[in-house]
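# Descriptive analysis of the structure
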Amino acid sequence: MPAKPPRRPEVKWRAWLITALSCLTVTAVLAGVKYSQIAQAMAFMESFPPPSEAITVAQVRPDSWAPTRLLSGTVRSPEHLVIATEIPGRVVELPFHSGDTVPKGAAIVVLFNDDLEAQRTALQADLNLVNTQLERNQTLEADALVSRDRLDTLTAQTLSLTAQIGVLNARLSRTTVRAPFTGTLGIYPQRVGDLMHLSEVLTTLTGLNAERWIDFKVPQGLTELNVGDTVSIRDIAGNAVGPATIIAVSDAFAEGTRTYDVRAALQAAGLRHGALVQVAVSTGPRENVLSVPARSVRWDPEGAHAFVVEPSEPGAHLAHKASLRRVEVRGERDGRFFILGALSTDDRVADKGAFKLNDQILLRVQAGAPRG
């Protein structure tokens, strides 16, 4: 049997070359398909508009600001009286109801005083008798029919009885409490027939005068206030009440708190006696600043900033963009921040929606947005 001829080496080499070319062809086709898909996806993404936010704008305004410090103050009515009994007794008359307006001099509460009236009547009768005897003996003295000792005794009795009647009159006056001024009664729980103890409080009486005093304490070293200076008064919610003029300043510091007392006056009938208010005290000179709405100022780890509305680049999707500007906040009043920084009165800042912004983002300025 004849032997088989040996295989040629070039046949194996050609097989591997065909396989490699086939793999490269498949890879190139797949890469082309993937590239086409990625290019289409990028083109689709580029068809979307860039990120933007809708805002309103406000104009930066020139303003002035004086550094202030808010202190706590207490409202006092110049005509305010706590009505209490000076002696114990049973209530026999309450002429007015809670909340009534009481005229000056009118009785507010009357305690039982019949026993004191009876004692005064008896002493008055004794005094009348002694006076009659004294007059008769003075007539007899001219004829030397009565001794001088007798006249001295009757005179002493007259003085003693008069003094006792005076004491009873003083006690009787304390059984009736009268209004020293026209005012409004507070609320009281007592009724006719109740027994009131010594110094027991019945109610309060507040005058109708619109003037109010504001008492507050100023820490040592904060500022020096003098009679005639003006401070600003705000209610507990921070709403402005009005300016008040200082009418009294203490000459001494309190040892425990190192503060001195100040009293200011203003016309504010709406402030109730005893209410807590805020007193804005100036602590430095007035300076020229800029003011913007409070919501236009934002904070980040680097501090306060505002977003100025600027024209965007030519060809941009929207006509405006946000430009972050660092500012220094000097104070706040009536919903506005007083600031210093890289802004001018020609600038407009983001107002509503400023909390959503970041630097260089495109803006959609809402039509009819406030500019002040």
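Structural data are supplied above this passage.
Residues numbered from 1 in each chain as written. Predicted model: local features only at pLDDT ≥ 70, side-chain atom pairs only at ≥ 80, totals over all residues. Heavy atoms only, no water.

Further remarks concern the overall build of the chain. Across its full length, the chain holds 3 helices and 24 strands. By the compact-globule yardstick of 21 Å for 372 residues, the chain is too spread out, its C-alpha radius of gyration being 47 Å. Dimensions of the chain, computed from C-alpha atoms along their principal axes, come out at roughly 200 × 65 × 45 Å. For the chain, with 372 residues in total, the buried portion stands at 33%. Considering only contacts in the chain between residues 6 or more positions apart, those separated by 24 or more positions represent 73%. Within the structure as shown, the chain displays about 22900 Å² of accessible surface, and the carbon and sulfur contribution to it stands at 56%. Charge separation in the chain, taken as the distance between the mean sites of 39 positive and 39 negative side-chain charges, equals 18 Å. (Helix = DSSP H or I, 4+ residues; strand = E, 2+ residues; numbered from the N terminus. Rg over C-alpha atoms; globule rule 2.2 N^0.38 Å. Buried < 20%, exposed > 50% of the residue type's maximum accessible area, 1.4 Å probe, protein only. Contact = heavy atoms within 4.5 Å. Areas by Shrake-Rupley, 256 points an atom, 1.4 Å probe, with all protein chains shown as cover. Lys, Arg positive; Asp, Glu negative; His and termini not counted. Charge placed at Lys NZ, Arg CZ, Asp CG, Glu CD.)

This part is about the side chain of Gln-190. Mapped onto the elements, Gln-190 comes out in the loop between strand S10 (183-185) and strand S11 (195-196). Of the polar contacts made by the side chain of Gln-190, one reaches the side chain of Glu-200; its length is 3.3 Å. (Polar contact = N/O pair within 3.5 Å; in protein donor to acceptor, adjacent residues only side chain to side chain.)

Our focus in this paragraph is the environment of Ile-87. With respect to the element layout, Ile-87 can be found in the loop between strand S5 (80-84) and strand S6 (89-93). Counting along the chain gives 107 residues from Ile-87 to Asp-194, while the straight-line C-alpha distance between them is 14 Å. Residues in contact with Ile-87, not counting those within four places in the same chain, are Leu-111, Arg-171, Arg-174, Thr-175, His-197 and Leu-198.

Among all residues save glycine, negative phi is the norm, and among peptide bonds the norm is trans. Phi is positive for Arg-258, close to 55°, though the residue is something other than glycine. Position of Arg-258 among the secondary structure elements: in the loop between strand S15 (240-249) and strand S16 (259-267). Given a relative accessible area of 46%, Arg-258 falls into the partly exposed group. With a phi angle near 70°, Gln-360 is a residue other than glycine that sits in the positive phi range. Along the chain, the position of Gln-360 falls in the loop between strand S23 (348-350) and strand S24 (362-365).

Before going further, it helps to examine the sheet that holds strand S4 (residues 68-76). The strand order around the closed barrel built from 6 strands is S4-S13-S16-S15-S14-S17, with neighbouring strands paired in antiparallel fashion. In this sheet, adjacent strand axes meet at a mean angle of 40° when their direction is disregarded. Pairing of S15 with S16 involves 4 bridges; the strand directions are antiparallel. Bridge assignment links Ala-248 to a residue of S16, and that residue is Arg-263. (Pairing = 2+ DSSP bridges. Axes fitted to C-alpha atoms, helices over the stretch in contact; angles between N-to-C directions.)

Of the volumes computed, that of the largest pocket is approximately 360 Å³. As for the largest pocket, its lining consists of 19 residues, and the residues nearest its centre are Thr-68, Ser-232, Ala-280, Arg-286 and Arg-333. Taken together, the elements giving at least two residues each to the lining of the largest pocket come down to strand S14 (230-234) and strand S17 (276-282). With 4 residues, S14 is the single largest residue contributor to the lining of the largest pocket. Considered class by class, the residues forming the lining of the largest pocket number 7 nonpolar, 6 polar and 6 charged. As a volume, the second largest pocket reaches approximately 170 Å³. If you trace the second largest pocket, you find it lined by His-80, Thr-206, Gly-207, Arg-212, Leu-271, Arg-272 and His-273. (1 Å grid on protein atoms, 1.4 Å probe; cavity = no way out; pocket = protein on both sides within 12 Å on 5 of 7 lines; lining within 4 Å. Points joined across faces, edges and corners; volume = space filled by probe spheres on them. Nonpolar A, V, L, I, M, F, W, Y, C, P; charged D, E, K, R; others polar.)

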